[in-house]
Structures are given as structure tokens and as C-alpha cells.
Amino acid sequence: MYIAGFVIPVPAEKMEAYRQWAENGAALFKEYGCIEIVESWEDNVPSGEYTDFRRAIDANDGKKIVFSWKLWPDKAVLIP
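Overview of the structure. (Residues numbered from 1 in each chain as written. Predicted model: local features only at pLDDT ≥ 70, side-chain atom pairs only at ≥ 80, totals over all residues. Heavy atoms only, no water.)

1. A short note on the environment of Lys30
Defined as follows: A run of H or I in DSSP becomes a helix once it reaches four residues, and a run of E becomes a strand once it reaches two; helices and strands are each numbered from the N terminus.
Residue placement: Lys30 occurs in helix H1 (residues 15-31). When the C-alpha atoms of Lys30 and Lys70 are compared, they prove to be 9.8 Å apart, with 40 residues separating the residues in sequence.

2. Considering the side chain of Asp52
For clarity, the cut-off: Buried residues are those whose accessible area, probed at 1.4 Å on protein chains only, stays under 20% of the maximum for their type, while exposed residues exceed 50% and partly exposed ones sit between those limits. Here a polar contact means two N or O atoms within 3.5 Å. Within protein one must be a hydrogen donor candidate and the other an acceptor candidate, and residues neighboring in sequence count only if both atoms are side-chain atoms. In this description, contact between two residues means that some pair of their heavy atoms is separated by no more than 4.5 Å.
Note on placement: Asp52 falls in the loop between strand E2 (36-41) and helix H2 (53-56). Overall, Asp52 belongs to the buried group, its relative accessible area being 12%. From its side chain, Asp52 meets the backbone nitrogen of Arg55 in a polar contact 2.8 Å long. The contacts of Asp52, once residues within four sequence positions are left out, are Pro46 and Ser47.

3. Considering the packing of aromatic side chains
We describe a pair of aromatic rings using the distance from one ring centre to the other and the angle between the two ring planes. Rules: Two rings belonging to Phe, Tyr or Trp (six-membered ring only in the last case) form a pair when the distance between their centres is within 6.5 Å. Interplanar angles under 30 degrees mark stacking, angles over 60 mark edge-to-face geometry, and anything in between is tilted.
If you walk through the whole model with that rule in mind, you get 5 aromatic pairs. Judged by centre distance (6.2 Å) and plane angle (85 degrees), the rings of Phe29 and Trp72 are edge-to-face. Placement of Phe29 in helix H1 and of Trp72 in strand E3 (residues 63-72) is noted, with a sequence separation of 43 residues between them. Residue classification places Phe29 among the partly exposed residues on the basis of a relative accessible area of 32%. Note on Trp72: relative accessible area 3%, which makes it buried. For the pair Phe67 and Trp69, a centre-to-centre distance of 5.3 Å together with 45 degrees between the ring planes defines the contact as tilted. Taken together through their ring pairs, the aromatic side chains of Tyr18, Trp21 and Trp41 make up a single cluster.

Here you go:
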């Protein structure tokens, strides 16, 4: 198994557009062998003392944090 994960800042007013984009992308990823896709919207993302998701991606106010990961059978499927 191979997991590819991403942290993405999404403007709060663009949440529905992101969902549509992710849904369309999921169909394409599955055609190429992706087994599972998870899109997780922030619920409790506190600011850390040294680092955190917001600083990691330079998300400013008004952005929601999305943590997404995709499960592939192996890395060779993802990167031929």
C-alpha cells in the first residue's frame, strides 16, 4: 500500500466548489488505480507553538484546512 497525503487551504466561500472539484478528481484517480480517497475538513485545528497545519501551508484568515489522502495499491501505480 502507498498513501499520498495533502494539506490544502480552501477559502471558506469556496467549500462547495472544492467538493465538486474533489468529486470529479476522484473519478479520474480511481480510473488510474486509486483504491480510496478521503477528504477531511478542519474541525479543530489549533495553532501550535512551533508549527501547525495553518503555518505549514501559509493559510490566512478565512481559509479552511483540508487534509486529503489517497490510498494506492503501491507507489508504482501512482508514479509509473
